Amino acid sequence: SHALTAPATRELRERAENLLRRLGVEPPAPGEISARTPITGSELISLPASDKAEVEAAIARADTAFRGWRTVPAPQRAAVVRRLAALLTEHQDELGELVTLEAGKIGPEARGEVQEMIDVCEFAIGLSRQLYGRTMPSERPGHRLMETWHPLGVVGVISAFNFPVAVWAWNTAVALVCGDTVVWKPSEATPLTALACHALLRRAAADVGADPEVHQLIQGPAAVGEQLVDDPRVALVSATGSVRMGQQVAPRVAARFGRCLLELGGNNAAIVTPTADLELATRGIVFAAAGTAGQRCTTLRRLIAHADVAGPLLDRISAAYRQLRVGNPLEDGVLVGPLINERAYDGMRAALERALADGGELVCGGERVEGPGDGFYVRPAIVRMPAQTAVVREETFAPILYVMTYQDLDAAIEMHNAVPQGLSSSIFTQNQREAERFLAADGSDCGIANVNIGTSGAEIGGAFGGEKQTGGGRESGSDSWKAYMRRATNTVNYSTELPLAQGIRFE
Ligand code: UN1
């Protein structure tokens, strides 16, 4: 229908307001933050930014709430997260649609993002009974040596537009069961989904009789985030975004000896070896490279294919690319939605120009296509590169897949690791030696290394994050929770003597 292919701004605005109301958010007063939809490029709603006093008050409330929250037993703290999971399940479609409106994700990916929130809530609920410390044999008779994990304090969460709700949930669900309170500064591009999550969490807390002040939302430009970063009451700053943002955050937090958890850029690659199942590799590569319009931090950006298979592999991938429907993410069957804004489009054009100047050959894509309104819709691009030049070593947050070839696996792994970022990586092979080599100490240097699946779409059960300029942080599953707690080592003497460690005599 015409209404779907060219949704009028007013219709999208009403849709956003309705979704917000159903998610428990009253229409905000107008203000200086402009909530836009990348679907048409137009403003949906405006809302006020937090001023200095409001940020200060939010941190103060989180700090006060922490004093009580830390003594609530962890399995009881999990009740808030259990209720949040139920509310997210109930409102999965509504929150998913708001993600589509605000971030431009296609429906299945937007609902998948909410699913990821529910999954991490379930993980955190189980975790609340497993915040294990160890006991160690003491070297002294009549002594016990053990460690205890305690709540850390206020956690400042800074999140990006591309996973506007899931990354918040990874941090918040785990932080809350760990006994921390949260102050959230979402991306300026996604303030509405933030209002919705905040309302759902506040409601979850109220429903189970917990202190709603355990969660605070502050909104606005970088200065709002800076105030959070510089406040000594914020024990941990968990920040997701660009390397440039991390380079600003990390030294400021370090200067006050705060803790940082950084999830910064990726420049993820896949190696395809001669024994790879090309049909399976093609499917994995197309989802990882073109999905979410190339705007995941785990997006596949570099393909390193053995010279013997590069030709047939590229034929398959470019055939699949030609089938991809690019357009309005509210429409069924569309697989690639818009870029977040014009700046992202300009970045993509500039990168493509540099790649071609470096001798790259455009295989397909790269052009802007018509969408409803003034959104920035592009066909995902594939560029064959003669070498891994400077532009290939940078992260451009758009759907560009650079293709290089190799002859020898050692050289392929060397090329794979020769970028500043270290988030996610894959090898497609049916040769066990090659797969194990890729996962070994001298293989992929990334935080995530996969075999026969793409670089994106990680499950929440594993620790998520990467090395080098990606920042070193780990979030979500496994023992990532340790970043959100402080460890105390306890030595208990239950004897009547006072033996000193190391056999020291002091008498
Ligand atoms: C991100 O792009 O910031 O592995 C996070 C994935 C998702 C999370 C990506 N589970 O692609």
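Residues numbered from 1 in each chain as written. Predicted model: local features only at pLDDT ≥ 70, side-chain atom pairs only at ≥ 80, totals over all residues.

### Regarding the overall build of the chain
Each helix and strand in the chain was counted, giving 15 helices and 23 strands. Since a compact globule built from 507 residues should have a radius of gyration of about 23 Å, the 24 Å found for the chain is in line with a globular shape. Principal-axis analysis of the C-alpha atoms gives the chain an extent of 80 × 60 × 35 Å. When the 507 residues of the chain are sorted by exposure, 52% land in the buried category. Looking at the chain alone, contacts between residues at least 24 apart form 73% of all its contacts between residues at least 6 apart. (Helix = DSSP H or I, 4+ residues; strand = E, 2+ residues; numbered from the N terminus. Rg over C-alpha atoms; globule rule 2.2 N^0.38 Å. Buried ≥ 20, exposed ≤ 12 C-beta atoms within 10 Å, placed from the backbone. Contact = placed C-beta atoms within 7 Å.)

### Thoughts on the sheet that holds strand β11 (residues 300-306)
The strand order β12-β15-β16-β11-β10-β18-β19 describes an open sheet built from 7 strands, whose pairing is mixed. One side of each edge strand has no neighbouring strand; the edge strands of this open sheet are β12 (361-364) and β19 (448-451). Neighbour-to-neighbour, the strand axes of the sheet open up by a mean angle of 25°, direction not taken into account. Both β11 and strand β16 (residues 400-406) contribute to a ladder of 5 bridges, which runs parallel. Across the sheet, His306 pairs through a bridge with Tyr406, a residue of β16. (Pairing = 2+ DSSP bridges. Axes fitted to C-alpha atoms, helices over the stretch in contact; angles between N-to-C directions.)

### Notes on the nonpolar core
One broad rule of soluble globular proteins: the nonpolar side chains tend to lie buried together. In this structure, Val81, Cys121 and Ala124 are the most contacted members of the largest nonpolar core, which totals 151 residues. Setting aside residues no more than four positions away along its own chain, Cys121 makes contact with Val81, Leu84, Ala85, Leu88, Ala169 and Ala173. Grouped together as the second largest cluster of nonpolar side chains are 6 residues, Cys297, Leu423, Cys446 and Ile448 included. (Core = buried A, V, L, I, M, F, W, Y, C linked by C-beta atoms within 7 Å.)

### Structural notes on the UniProt feature "active site" (unreviewed entry) in the chain
On the UniProt side, "active site" (unreviewed entry) is annotated at positions that read Glu263 here. Residue position: Glu263 is located in strand β9 (residues 259-263). Contact partners of Glu263, with chain neighbours within four places excluded, come to Thr240, Cys297, Gly465, Gly471, Gly473 and Glu475. (UniProt positions renumbered as here; feature names shortened; annotations may be inferred.)

### Side note on the pairing of strand β2 (residues 43-47)
As a general feature of sheets, a regular strand has side chains that alternate between the two faces. Inspection of the sheet shows strand β1 (residues 33-36) paired to β2 by 4 bridges, in the antiparallel sense. Bridge pairing links Ile33 to Leu47 in β2. The antiparallel hairpin formed by β1 and β2 contains 6 residues in its connecting segment, where Gly41 sits at a positive phi of about 80°.

### Observations concerning the sheet that holds strand β23 (residues 485-493)
In spatial order, the strands read β3-β4-β23; together these 3 strands make up an open sheet with antiparallel pairing. The sheet terminates laterally at β3 (135-136) and β23, the two strands that pair on one side only.

### Structural notes on the packing of helix α4 (residues 74-90) against helix α6 (residues 107-127)
Between α4 and α6, the least distance of the axes is 9 Å, while the angle of their chain directions is 155°. As the angle between them shows, α4 and α6 are arranged roughly antiparallel. Note that α4 runs across α6; the crossing there is left-handed. Taken together, the residues of α6 that come into contact with α4 (itself represented by Ala78, Val81, Arg82, Leu84, Ala85, Leu88 and Thr89) are Val114, Met117, Ile118, Cys121, Glu122, Ala124 and Ile125. (Parallel < 35°, antiparallel > 145°, perpendicular 65-115°, else oblique. Left-handed = near helix turned anticlockwise from the far one by under 90°.)

### Some points on the pairing of β11
Summarising burial for β11: 7 of the 7 residues are buried, a large majority. Handedness of the crossover joining strand β10 (residues 268-272) and β11 through helix α11 (residues 278-290) is recorded here as right-handed. (Right-handed = clockwise from strand over helix to strand, strands pointing away.)

### With respect to the UniProt feature "domain: Aldehyde dehydrogenase" (unreviewed entry) in the chain
In the numbering adopted here, UniProt assigns the feature "domain: Aldehyde dehydrogenase" (unreviewed entry) to residues 31-487. Its end C-alpha atoms 43 Å apart, residues 31-487 is made of 40% helix and 21% strand.

### Brief notes about the packing of helix α5 (residues 92-103) against α6
When two helices pack together, their arrangement is given by the angle between their axes and by how far apart the axes lie. Relative to each other, α5 and α6 sit at 120°, their axes nearing to 8 Å. As far as their axial angle goes, α6 and α5 are oblique. Here α5 and α6 pass one another in a crossing that is right-handed. Touching Gln92, Asp93, Leu95, Gly96, Glu97, Val99 and Thr100 of α5 are Gly107, Ala110, Arg111, Glu113 and Val114, all from α6. The class makeup of the residues in the contact of α5 with α6 is 4 nonpolar, 4 polar and 4 charged. (Nonpolar A, V, L, I, M, F, W, Y, C, P; charged D, E, K, R; others polar.)

### Observations regarding helix α2 (residues 9-22)
Helix length check: α2, at 14 residues, gives a terminal C-alpha distance of 20 Å against a target of 20 Å (1.5 Å per residue), a fit within 8%. Turning to α2, the residues buried within the fold contact β2, α5 and α8 (191-207). Directly beyond the C-terminal end of α2, a positive phi value near 95° is found at Gly24. (Expected span 1.5 Å × (residues − 1).)

### A closer look at the environment of Arg354
Positionally, Arg354 belongs in helix α13 (residues 342-357). When the 16 C-beta atoms within 10 Å are taken as the criterion, Arg354 is described as partly exposed. Sequence separation between Arg354 and Ala390 is 36 residues; the distance between their C-alpha atoms is 9.0 Å.

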